[in-house]
Each structure stands twice: as structure tokens, then as C-alpha cells.
Amino acid sequence: MSAGKPLPHESAAAHVQGTARYTDDQPRFAGMLSAWPVLAPYAHARITGLDTAPALTVPGVVSVLDYRDVPGENDSSAHKGDETLLPETHVMFHKQAVVWILAESDAAARTGAALVQISYEPLTPILSVEEAIARGSFHAAPQTLTRGDPEGAMNEAAYRLSGELFVGGQDHFYLETHVSWAVPEPDGSVHITSSTQHPSETQGVVANVLGVPAHQVTVTCLRMGGAFGGKESQAAPYAALAALAARKTGRPVRVRLRREHDMVLTGKRHPFWGCYEVGFSSEGLLGAVRLELYSDGGFSSDLSMPVMSRALFHADNAYFVPHLHVSGRVCKTHKVSQTAFRGFGGPQGMVFCEEIMDRVARHLGLAPEGVRARNFYRGNGETATTHYGQEIIDNRLGRVWHDVLKASDFAERKADVAAFNAGHPHTKRGLAVTPVKFGVSFNNTPMNQAGALVLIYLDGSVGLNHGGTEMGQGLYTKMLQVASSALGVPLAQFRTLPTATDKVPNTSPTAASSGADLNGQAVRSACETLKARLAGVAAKLLGLSAPEDLVFEGGVVYCRFQPSLRVLFIDVVRQAYLAQVPLFATGFYRTPNLHFNAETGKGRPFHYFAYGAAVSEVEVDGFTGEFRLRRVDIVEDAGASLNPLVDKGQIEGGFVQGMGWLTMEETLWDASGRFVTNAPSVYKIPTIADVPEDFNVTLLPRAAQEGVIYGSKAVGEPPLMLALSVREAIREAVSAFAPEVPRRVELALPATPEAILRAVDAVRTPTREPVPGD
Amino acid sequence: MAQSLRVWINGSEERISGVAPTTMLLDYLRASGRVGTKEGCAEGDCGACTVAVRGERGVQAVNSCIVPLGAVSNYEIVTAEGLVRNGVLHPVQEALARAGGSQCGYCTPGFVMSLFAAQYSGERGDGVLEGNLCRCTGYLPIREAARSPSAPAADDPYFTSTQPAEAADYSVGDEHFFSPRSLKGALELLSLHPGAKPIAGGTDVGVELNKVGRRNAVLVSLAGVPELRRLTETAAGLELGGALTLSELEARLGGRVPLLETMLRSFAARQIRNRATLAGNLATASPVGDLAPVLLACGARVKLVSLGGERTVALSDFFTGYRTTVQRPGELIASVTVPKPDAPRLEAVYKVGKRGADDISTVAAAFSLELKADKIVTSARLAYGGVAATPVRALEVEQFLIGRPWTERTAAEAAGRLRGLFTPLSDLRGSAEYRRALVGNLFEKFFYEHSAEVAA
Ligand SMILES: Cc1cc2nc3c(=O)[nH]c(=O)nc-3n(C[C@H](O)[C@H](O)[C@H](O)COP(=O)(O)OP(=O)(O)OC[C@H]3O[C@@H](n4cnc5c(N)ncnc54)[C@H](O)[C@@H]3O)c2cc1C
Ligand code: FES
Ligand code: FES
């Protein structure tokens, strides 16, 4: 069985040769047009005049697209109606694209774009969470989750602390920028190839913008050069623009964003601001937490509400808080519309939670790792139930924690770090461990469904279709393993066909770490259907009466009780054709027993939880604030991994991406609302030099998870949050610069050298923390 | 003027004509169907477009997104697609695939080509890959793959041309890319075409061309001008030809200018250093250019040449304001001379950015002190980048140091003065406050890291 094997990515050989095709690598169609945007110079303005005629004088410019060219609904938001595709009256963020120039070449389109005349009446923009709160600018009503009596418990707590924190955004920086190709067909339909995590929604948006039925639009995703959530909702506008342009000109059109455009036009991880109050005991046991979160949603709601929900669902991270009130509100600002990004609000929720844990521990002068462990969900019933009422059935926090402390020699190294620090006045080391508990399933319950279509051809080869998209996470590899294992046919006989809406309709996005869980079950179900049909045929061939006794394995079908009774899979297939038995089947899966009542804030929104823990050690330079990550140890619960090589890759990559977010990737907007960290020269993601040699990843052993495909667990998002250990390790190192053990270490995010130096300077000259109970 | 340009791509000779000389190599490759090479940024920062070339300087990895076609005439170019022979993956491809070194695969051809090119230079370790970004893997499997030993085959199937890789001129319409073979030739071209722009490695010019669209109709390449590519040791010091690339300097300095060599290691990444030149870095006159502070601390002099003759200016007089210098139109930087110190000096260089590798400096600092036996400072040069409109020396504090004992107290006092000396700006790389702190802190770090040395 290939499920569970550490196989390389199914496209690895194509990747290294450069032969793996991405959207913009397809052979160019004759007459294909390129597009170039005309970008608004204001964060908020009224459009008072628009003259596109001068662009048309440029040789090679064929047409322009503006709001007048939308036959359907001028909206790219998938029926929320708050995201104008081509602005008519107002500009909502700096560098919003108002017009697109269509030309024979990029260069001509670019030249044309420079000639378009647009006049604006600038309006006052709202550019921060603070301003939005002050002006009451929100996308929706607040969301809240409450458990117990936070008010009462807070009043009774032995200790109380409060604080606030800002956590910045993050650009996805997928290496392949957004791109969609549209080809108009003679029958009026349009075929889109798009780098999208959500072909079905992309199809829906395109149909809606064109004003045609969905069956007129086919969306195919070949593969993506990275996505990370950035191509869940954000691919649709570019597909729609390509479709509009194709429709208007009758020519194939490619809309490919250059990096500098991608960075200003597309949404990022939501920045969050929040304030909290925590009540706790002298042992550091949490009594009550009150947390108010605000996210910067940008100009349209996009996925901001579910992102906020997930932040609220993860405000507890791994800890039992008997009395908790957490509220979240999405601010409407004049910025690009912020969107999904690996973790989907979960990381932001957890940052606040871990901030609180650190405050509590330091305030009491206790070891942070001790306070963390003491507060874990534990036992059964109340102490193993989340603030939204979901009981944690198979709690593995203790196991991952124990294993990671052991694997990292935590206790011994803590002593080593202390010894090092005692001898080094200007460099300090810090060691920290943090846990992750991450809920797996779409928050929006109906989305937890998936479909597959498996086609067996007469030569015994198999075409595999499912609704999931490949963005590097190894979904196609895992699905091949599932199909091969389920059908008992060697991997080499399969081909995954590009994900397309004309094969499997109405799919959910490949997101929420659920791609393998959902599509895997759908693929298996299709294979089981086919196997049942073929077993009947094979039984007849073998003269057996009980098809259920047949085993499909390695391209052979044999009887469980008499293995010498066997027939080749291919012979069964041929016979099935002759016997007029269908050789294709669909598969469908819905995650069982999910429910959530938004009114009461209670339910069972997650199929299960993924667990992990990480230990990081850093060294901080007290002169510059620079830090170096020295060592990382991770234990991750990936269930019975479908593919340990792929899963380790997800864990390492997720961790490094999380570290980037928390320590170097700074999203900055200037006072006029211009996104200034708009290029890789000024927006820094981690390089190989930021990753320590000493980096150890272990998958939790004996971890098969019931009710999930082959016992595996989701591993796409959870590891990102393990990088919180880096921030906490930096905080430990910073605290070592203090003349005496500080009761508080404030560390701004991202923890850039500048932020770290500020933190170091602050603890070197301490101001007294208010006395407990003040 | 040649209307066509010859290159070899994956072993086949190709004559290009009618494609503007400022078209980037990447765009040409992709437009001609060689789509294995990817674009991630079009500004030299991500490495997705890395290809291996063999030109004047042997086999090198370069960022094809910022190399204009005109600059690769007579080059041999190898891309990831070209590595496979008889259906067999190249060892670096095989190692990457096996280790799980590709997830989405978009960065992968670039990594492959960086590793492939490194075989020729013999360079090992992470340094080879600092210019390649991967957003998926976290780099660990790539690092593992990079460890599997491999070397170019004895009869190299990839670089087969026996032609000398001499750059040739190339024109399309009124766009010209000149590749003069002598300094005189270069200077004459510049005087003949008043709007012409010199281009050396093109790591600044190429980015600019992409950012603003086409602009310079006439480019005069200095890459093949022998007079600008010499490295001469004289009694007075080391004269470094302006068109030497940073990789060449790394390879050839051999410990003779430790400050410069240290800084070179943290300057951009391999692909950039393979093209970027010393003179280009000074001529650009960026306030955060990294070589200027180092060379200021070395007391370097710049030799400028024009058809009218040559002159030498101290580097400390070279920069006149934000991105302006004393260079006159038609004048080129011929060389930079680093004087030989009369006595051993205490030196250090620091670069602080948001990211440890391949980042532009928030602040760069270079310090050079001469001490008498009794630890009295007799000469001091403290230079900074990122704190003013130009790279600058902290002249007042240098004066303060002279005659004082090299003690913690002196260092702390100097640091205090340094913090108040400049009025840097706040920008997205750092606040003015942080920059001011660094100006002083780096000096204290210098003392701390080198005080033991002196005491011994
Ligand atoms: C990704 C990336 C990372 C970078 N990182 C760094 C970094 O870490 N530190 C840093 O300081 N810089 C960095 N740079 C900037 C750049 O690499 C340097 O400024 C480089 O040294 C310029 O040299 P060049 O030969 O490529 O110049 P070119 O681009 O060829 O030319 C630059 C300018 O100098 C002029 N010029 C070139 N040679 C001469 C000459 N001999 N005489 C007179 N004028 C001349 C040109 O006309 C042009 O105006 C980076 C650039 C990129 C793209
Ligand atoms: S495309 Fe990023 S370096 Fe060339
Ligand atoms: S594998 Fe996706 S960017 Fe490297």
C-alpha cells in the first residue's frame, strides 16, 4: 500500500527539470493579449473623470477595460456584493486598479496605461484599526464567544493584568504571482486557466461578472507556484478580468500580475490589534480571560469574518480557561482587502493567547513552560472542553509536549543557556517551548464536503479527478497514494488530471488544511464504488460466489482465503467493459457530526484537533537587536501520516513561514495609505541563512486518528504557529539583559532587530510593573 | 553595428535579431518557449530566474530577469530544461527531487541552476543559495540536497562552444548595446552618444529598466573593458579595477583587504555578486550602498577617467549629495585604490538589516583605528551607510578619538557622540531613532569585540 510511504512529490522530477507547467507556461495562443493595470494614486477618492482614449493611440494597444465593460454584476466578491471589480465612482485603496489596458504585448499595454487620464477628488481615508474604531467603520457586527462568568471570575482572581498588542500582516509571497488565462470559445463559453485554490468560486465569480450561467465557464487549475491562502478568494478578480477582456475582444487574454502589482493589489494576512485582561492564581492557573480583537479587514469583507471566527476559536490555543469572553470585530479601512493566509486567523488568536501566558508567568516569576503546561486542557469533561463547547476527545497535548521536551534536552539546555548568559554581557540566549492545538475543518460547516471522479480506461490505466488543487502541499501526491491504495493498483498506472470545474463541480476551496482529509475520503469512496463493481466481475471470472472476499492489491485481484485464485486487474477491467459495467465513478464525502450554533457560540465545529509543540533557541545581540535562531525541535501530530516526506516538508516550511511573519516580514503603509513594503527588496521573507542547521522534526508516533483518511491528520496550517516558540525564545533572551529578573518583557511584532533592541533597552532600564492586585 | 546577437542556449547556437537589446534574458527565454525558467520578482531578489551562463568570467549563476540580452552576446546559457541528458536527471536535479526539495516547484529550477553553477566554482554551503527564495520548503531538504557531492563531468556536455566569449555590439533600430573592448573605445562611445549610459553588471541598471520600462536607448557595457578589470598591487596599495565583479574580488583579494572581504560576504547574494561591480556600487551613490563605508574606512581613492584625461579624488570627496557624485558626464570610474596601511590597524565592519542575509542595510558601519603600543589612538576612520544622504565619515568623532586611550570609557564616550552626530531619516528599513542608536552601538560592539585583542 502506498499510503504512508515517504514518496517524493509526484511532480518532483518535472519541477527540477522546469517542465512542470504553471498557468503562464502554457503555449501562447495566437493573438493572445496582455493586460496592464492603471492604478489609483489615492487610498480613498471619488472618480471625477475617466478618459481612456489616449491609451488606444499606442501601437499594439487593442482595447481597454473599465466599469462600462461589465455585462453582469461588477463585483468579484462571490455574492457579498461589496467588492467592485472595476471602480466606477470610488477608489477604495491606494493602487486599486481602475482600468486595464489590453495590448499585443506587456510593453504596449504598459505604455498605454501611462496615458490613461483619470481625475480624482481625494477623500479622507481610514488607514488603521485605531482610526476605524474611532470612526465606527466596521464590516459586520462583533462576533463573541463566552464561557462561564468572566466578569465574576475576574473580580475574584488573586492576580489581574491587562495589556494590548498589535500583530502585523504578512504578504503571501507565493513565488508564482496571480495569473489567469481566458480563452473565448466560439459557442460563447469561456475557458479559464487560473492559479486558484478555489476553481468553483472562481467559476462563479466569472459567470456572475459576465452575466452568464455557470456552465458557460470552465475553470482549470494546473498547479500553483504557492498559494498559502492568497489564492483562495483572490484569484477570482483576475480570472474575471481575463474573461471580460476575452469576451470584449474575442481574443485569448492573459492577466498576470507582476510582483510589484501583486504586492499592492492582493490581500494579505490580517493585521490584528487587541486588548486583554487576565485573572489568575498564584500558581499561574488561568481563572478568567477577556480578550477584545480587532482585525484590519481592508475595503471589502472578503474572508475577514471567518478569519475572525477562527481567531476567536483559537484564542485558547491549548489552554483551559474556565471563564472566557472573546470578541472580534473586522475594521473596514481603505486598504487592500485582507484575506486568508495559512492559519486563517488562528495564528493571530494564538499570538494573543501566548502573550497572555507569558505575562502571567513572568509576573509571578515562574518558568513560562511550567505555566503553559499547567494550564493545558486535561482530563475529561469541563477541563477538556473548549470555550465553544467542543469536547476534546483525543487530547495529545501532553504527548507532544513530553516528547519535544525530551527530544530537545530542554532542562539541560536551559541550564546551559543560563550559564552562557552569565558569561556574556552583550549577547544573550533564550530557550522556549510553545504548544499548538489547531481545529481542523472549515468553520463554515457546509463547506466540509468534497467530490471525486475516477476513470478507469480499458488498458487498466486510471485517471484521477478530485476537487482539490495542488499548490505545493503535496495533495496530488497524497491523493494518488490514496487512490492507489484503495483500488489496489500501482501508482504508475494513475494520472492526476488538472483540477477543473467540468469534472468535479461545486467544490470547496483547497484550504483549512482539509484538502487531503476531504478529497481523500471522496477519492476513496469513488474507488470503493469501482472496486465493488469490479469485484462482482472478478468473482464471476474466478468462479467465486462472494465478491466481498476479493482483495485488490498491486494490480491483481485475489481471494483472501485462497490467494492462488487470482486475476489481473486489467483483465477484470476488460471483462467489466464487455459485461457493460461502468468503469467510472464519482465519490463524495461530507465530514460527519459537525455543527455550530452562531447564536449561542457553541457546537462542534471541528472534526478533530491537530497538535504540535516546538522548542526554539535563539541568540540576541544586545548592540543591534539582531537574533540568530540556533536550534529548533518540533514534535507534530500528523496522525498516521499519509506521506511523512511531504508532511515533514509542510512542518518545516510552515514553521519557517511563521518565523518570517513573527520576526522579519513587516507590512507597512505610509500616511497616505500607500503600501510601502511592496517589493522583495524591502519585504523580507526568510532565506536559507535564517534556518538553523540544527532543525529536528519528529512526527508523533502511534498517532493514527480515527475517522480520517487512513488515520492521517491535517498538517498544512498547524506548524506555522509553532514559530511562536521563536518569539518566546527571543523574549527569554531579552529578559536576560535585565539587571534583575523582569516582571514583564514587551516585544513588538514582528520582532525585527529594531523591535528587539527596543525591548532590550526597555528591560535594561526597568519601570516598575504595578503591584499585583492594583 | 551588428543587427543580430549570437548565444548558445542549452547547447544550440541561436542568432537573435529584432529583439530589443534591453529585453531581459528571462523574457527572451520565456517568450521563446523556454518556460522552465521562472519569474518571481523581476528585480534580482528571488532567484527563480537563475540560469547558468559562461561568458567572460567563466561559468556563473545569474539572475536572468535583470540581465539584458545585449550583455550576453556570445554567452553560453544553460537552463534547468537543458540539464537533462538522454532522459537522465542531472545529479543536482536528482538530489533535489529525492530529498523533497520541491513543493510547489516554482523556485526549483532556480535552485537547480544555482547548485549547478556552484559545481564550476567549487563553492559549497548555504552561501550558494542565499539568493534563491523558497516560500514552501523551509530550505532544509534543499540544504540536504546541496550537500550531495557532485562535480562537472570530465567531458562537460553543457558548455561546449570553443568560441571566445567576446561580447559583441548589438542594435535594433535606434537601440544600441555597445560592448567596447577598450577603455578608449568606451569613452569615445560615451562622448559620441551624450545620452548613453554605462552599464557594468547591470544589477542596478537592470532593475531600473524593469521598474520604469525601457528608457536608455544607448547602453555602453564596461564588462569587457580590460583596463577596468585589473587588480594591481603597488607600493602605495591595491588598485582595484572598477569593472571587477564582487565575486572576482572575493576570489582575488586573498585576505589583503579584510574589511572589504568581510563586507562582500554579506553583500546581496551570489547571483548578484557574480555581476555587480565595485565601480557600479560607487557610481550609483546609494546612501545605503555597502562598499562605500568600507572603502571610506580604508581611506580609498577613486580614479576617474575621461577622454580629457584622468584625475584621482579621495572617496570621502566623491559623494556630493543624495545620489550625486563628482563624476562628470563622459567620465568613468577606472579604479579604486585601497592604500596599504603603514601599521596594523584595528578594523571591523558591520551590516544591520531586517534579515541576516541578502538584505539592504539599515545601517552599515566600518571602523579602522591605528593604535600606538600604549593603546593610544593615532588615526581613526569611522564610516557609515544609511545614516545620511551619502555614505559618510564621522569626522568629529574621529578627531575626538585621536590621542585618547582605547578604553571602554573612550569607546562609550565616542559612542555617545556618534549617536548625536547624524540626523538619519525614518523609513521602512528602520526609524531614525534606531539608526542613531546603531551608529553608537556598533562602535561599542566594535570595542567589545576587539578590546580583548588589544589587551593581549
Ligand atoms: C537583489 C539585489 C541585492 C542588492 N544588494 C545590495 C547590497 O547588499 N548592498 C549594496 O550596496 N548594493 C546592493 N545592490 C545594488 C547593486 O548590486 C550594487 O549597487 C552594484 O554594485 C552595482 O554594480 P553594477 O556593476 O551592477 O552596476 P550597474 O547596474 O551596471 O550600474 C550602476 C550605475 O553605475 C554606473 N556605472 C557602472 N560602472 C561605472 C563605472 N566604471 N564608471 C562610472 N559609472 C559606472 C552605471 O551607469 C549606473 O548608473 C543589490 C541589488 C540587487 C538587485
Ligand atoms: S525573477 Fe526574482 S530574481 Fe529574477
Ligand atoms: S517549492 Fe514553492 S517556492 Fe520553493
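Computed from a predicted model, the values in this text were never measured in an experiment. (Residues numbered from 1 in each chain as written. Chains lettered and ligands numbered in written order. Predicted model: local features only at pLDDT ≥ 70, side-chain atom pairs only at ≥ 80, totals over all residues.)

### Some words on the overall build of chain B
Our working rule: Working definition: helices are DSSP H or I runs of at least four residues, strands are E runs of at least two. Numbering for both runs from the N terminus. Only C-alpha atoms enter the radius of gyration, while the globule expectation follows 2.2 Å times N to the 0.38, with N the number of residues.
Summing up its helical and strand segments, chain B has 14 helices and 20 strands in all. Over its C-alpha trace chain B gives a radius of gyration of 23 Å, about what one expects of a compact globule, namely 23 Å for 456 residues. Seen through its C-alpha atoms, chain B measures out along the principal axes to roughly 70 × 55 × 40 Å.

### So, the overall build of chain A
Stated precisely, the cut-off is as follows: Any residue surrounded by 20 or more other C-beta atoms within 10 Å of its C-beta is treated as buried, while 12 or fewer makes it exposed and the intermediate range makes it partly exposed; C-beta atoms here are placed from the backbone. Placing a C-beta atom from the backbone of each residue, one calls two residues in contact when those atoms lie within 7 Å.
Within chain A one finds 19 helices and 29 strands. On C-alpha atoms alone, chain A measures out to a radius of gyration of 27 Å, which is about the 28 Å that the 2.2 N^0.38 rule sets for 774 residues. By its C-alpha atoms, chain A is 85 × 80 × 50 Å across when sized along the principal axes. Sorting the 774 residues of chain A into buried and exposed places 63% on the buried side. Within chain A, contacts between residues at least 6 apart in sequence are counted, and of these 80% link residues at least 24 apart.

### Considerations on unusual backbone geometry
All names here are of chain A. For the bond from Leu749 to Pro750, the omega torsion is -10°, close enough to zero to count as cis. Among the structural elements, Pro750 can be located in the loop between helix H18 (724–735) and helix H19 (753–764). The phi dihedral of Phe173 is positive, around 45°, even though this residue is not glycine. Position of Phe173 among the secondary structure elements: in the loop between strand S8 (159–167) and strand S9 (179–184). For Tyr710, which is not a glycine, the phi torsion comes out positive at approximately 50°. Relative to the assigned elements, Tyr710 resides in the loop between strand S29 (694–699) and H18.

### Details of the pairing of strand S28 (residues 627–636) of chain A
Residues and elements named next belong to chain A. The condition that has to hold: Pairing between strands is defined by DSSP: at least two bridges between them are needed. The crossover handedness rule: strands pointing away from the viewer, path from first strand over the helix to second strand clockwise, crossover right-handed.
Burial analysis of S28 places seven of its 10 residues in the buried class, the great majority of the element. Across nine bridges, the pairing between strand S27 (residues 608–621) and S28 is antiparallel. Bridge pairing in S28 places Glu617 opposite Arg631. Linking S27 back to S28 in an antiparallel pair, the connection comprises five residues, with Gly625 at a positive phi of about 80°. Of the pairings in the sheet, the one linking S28 to S29 comprises six bridges and is parallel in character. Counted as the bridge partner of Glu636 is Leu699 from S29. Note that the unit made of S28, helix H17 (residues 644–663) and S29 has a crossover that is right-handed.

### Observations regarding the sheet that holds strand S23 (residues 562–568) of chain A
Residue and element names in this part refer to chain A. Heads up, the condition is: Axis definition: a line fitted to C-alpha atoms, over the contacting stretch in the case of helices. Angles run 0 to 180 degrees between N-to-C directions.
With antiparallel pairing, three strands are arranged side by side in an open sheet as S21-S22-S23. Each having just a single partner strand, strand S21 (550–553) and S23 make up the two edges of the open sheet. Strand-to-strand twist in this sheet, taken as the mean axis angle between neighbours without regard to direction, amounts to 30°. Pairing of strand S22 (residues 556–559) with S23, which is carried by four bridges, proceeds in the antiparallel orientation. Its bridge partner being in S23, Val556 is matched across the sheet by Leu568.

### Structural notes on the site of ligand 1
Residue and element names in this part refer to chain B. Quick reminder of the rule: Any residue whose backbone-placed C-beta atom lies within 6 Å of a molecule or strand is treated as near that molecule or strand. Throughout, the ten residues Ala, Val, Leu, Ile, Met, Phe, Trp, Tyr, Cys and Pro are labelled nonpolar, Asp, Glu, Lys and Arg are labelled charged, and all others, Gly among them, are labelled polar.
Residues in close proximity to ligand 1 total 33 residues, the closest being Gly44, Ala200, Gly201, Gly280 and Asn281. If you list the elements that add at least two residues to the shell around ligand 1, you get strand S8 (197–199), helix H6 (205–212), helix H10 (278–284) and strand S16 (332–339). At five residues, H10 tops the list of elements feeding residues into the shell around ligand 1. Considering only residue class, the shell around ligand 1 consists of 17 nonpolar, 10 polar and six charged.

### Re the interface of chain A and chain B
Contacts between chain A and chain B engage 59 residues on the former and 62 residues on the latter. Looking at the side of chain A that touches chain B, the elements that each hand over two or more residues are helix H1 (12–17), H17 and H19 of chain A. When residues of the side of chain A that touches chain B are assigned to their parent elements, the largest contribution, seven residues, is made by H17(A). Residue composition of the side of chain A that touches chain B, grouped by class: 28 nonpolar, 20 polar and 11 charged.

### Brief notes about the nonpolar core
Residue and element names in this part refer to chain A. The line we're drawing: Residues of type Ala, Val, Leu, Ile, Met, Phe, Trp, Tyr and Cys that are buried and joined through C-beta atoms within 7 Å form what is called a nonpolar core.
The biggest cluster of nonpolar side chains holds 394 residues, and the ones touching the most others in it are Ile101, Leu102, Ala242, Ala243, Ala245 and Ala483. Sorting elements by how many residues they give to this core places helix H15 (residues 515–542) first, with 12 residues. Not counting the four nearest positions on each side in its chain, Ile101 is found in contact with Ala35, Trp36, Val38, Ala55, Val61, Val64, Ala109, Gly112 and Ala113.

### Examining the packing of helix H7 (residues 246–253) of chain B against helix H8 (residues 258–265) of chain B
Residues and elements named next belong to chain B. The line we're drawing: For classification, angles of less than 35 degrees are called roughly parallel, those exceeding 145 degrees roughly antiparallel, those between 65 and 115 degrees roughly perpendicular, and all remaining angles oblique. Two helices that cross are described as forming a left-handed crossing if the nearer one is turned anticlockwise from the farther one by less than a right angle, and a right-handed crossing if clockwise.
It is the contact of H7 with H8, at a shortest axis distance of 10 Å, that shows an interaxial angle of 135°. With respect to their mutual orientation, H7 and H8 come out oblique. Crossing geometry of H7 relative to H8 is assigned as left-handed. Residues Leu246, Leu249, Glu250 and Leu253 of H7 touch H8, and the partners they reach there are Leu260, Glu261 and Leu264.

### As for the domain arrangement of chain A
All names here are of chain A. The condition is simple: For the domain bounds, the source is a domain assignment made automatically or taken from a database.
What the domain assignment reports for chain A is domain 1 (12–124 + 172–265), domain 2 (272–443 + 599–764) and domain 3 (449–590). For domain 2 and domain 3, the distance between their C-alpha centroids amounts to 40 Å. At the junction of the two partners, domain 2 supplies 18 residues and domain 3 supplies 16 residues. By residue class, the composition of the side of domain 2 that touches domain 3 is 12 nonpolar, five polar and one charged.

### Focus on the domain arrangement of chain B
When the parts of a complex come together, some accessible area is lost, and that lost area is often taken as the interface size. All names here are of chain B. Once the domains are mapped, chain B shows domain 1 (4–147), domain 2 (170–224), domain 3 (225–340) and domain 4 (345–456). Across the boundary between the two partners, domain 2 contributes 17 residues, which contact 17 residues of domain 3. No other element matches helix H5 (residues 183–192), which puts six residues into the side of domain 2 that touches domain 3. In the side of domain 2 that touches domain 3, the residues fall into nine nonpolar, six polar and two charged.

### Thoughts on the sheet that holds strand S17 (residues 449–456) of chain A
Residues and elements named next belong to chain A. If you trace the four strands from one edge of the open sheet to the other, you get S19-S18-S17-S24, paired in mixed fashion. At either end of the open sheet lies a strand with only one pairing partner, and these are strand S19 (494–496) and strand S24 (584–590). The mean inter-strand angle of the sheet, taken between neighbouring strand axes irrespective of direction, is 20°.

### Observations concerning the environment of Asn421(A)
Residue and element names in this part refer to chain A. Along the chain, the position of Asn421 falls in helix H13 (residues 410–423). Between the alpha carbons of Asn421 and Tyr683 there is a distance of 32 Å; along the sequence they are 262 residues apart. For Asn421, the contacting residues outside a window of four places in its chain are Lys428, Arg429 and Ala736.

### As for the packing of H18(A) against H19(A)
Residues and elements named next belong to chain A. Where H18 contacts H19, the two axes come as close as 9 Å, and the packing angle between them is 35°. Regarding H18 and H19, the two cross each other, and that crossing is right-handed. Together, Ile730, Val734 and Ser735 of H18 and Ile756, Ala759, Val760 and Val763 of H19 make up the contact between the two elements. Its residues placed into classes, the contact of H18 with H19 shows six nonpolar, one polar and no charged.

### As for helix H3 (residues 106–115) of chain A
Residues lying three or four places apart along an α-helix face the same way, a consequence of the helix completing one turn every 3.6 residues. For H3(A), every residue scored as buried is listed here: Ala108(A), Ala109(A), Arg110(A), Thr111(A), Gly112(A) and Ala113(A). Those residues of H3(A) that are buried are in contact with strand S1 (33–39), helix H2 (53–56), strand S3 (61–65) and strand S5 (97–103) of chain A.

### Focus on the environment of Ile77(B)
All names here are of chain B. Tracing the sequence through the fold places Ile77 in strand S5 (residues 76–78). Residue class for Ile77 comes out buried when judged on the 26 C-beta atoms lying within 10 Å of it. For the pair Ile77 and Leu382, spaced 305 residues apart in the sequence, the C-alpha separation amounts to 43 Å. Sequence-distant contacts of Ile77, that is, excluding residues within four places in its chain, are made with Val7, Trp8, Ile9, Val51, Val53 and Val72.

### Some points on the environment of Ala689(A)
By the secondary structure assignment, Ala689(A) is in the loop between H17 and S29. For Ala689(A), a count of 18 C-beta atoms within 10 Å gives the class partly exposed. Linking Ala689(A) and Arg628(A), residues 61 residues apart in sequence, is a C-alpha distance of 9.6 Å. Beyond its immediate stretch of four places on either side in the chain, Ala689(A) contacts Asp126(B), Glu130(B), Gly356(B) and Ala357(B).

### A short note on helix H11 (residues 291–298) of chain B
All names here are of chain B. Most of H11 is tucked away, with eight of its eight residues classed as buried. Within H11 the residues assigned to the buried category are Leu291, Ala292, Pro293, Val294, Leu295, Leu296, Ala297 and Cys298. In the stretch just after H11, Gly299 is the one whose phi turns positive, near 70°.

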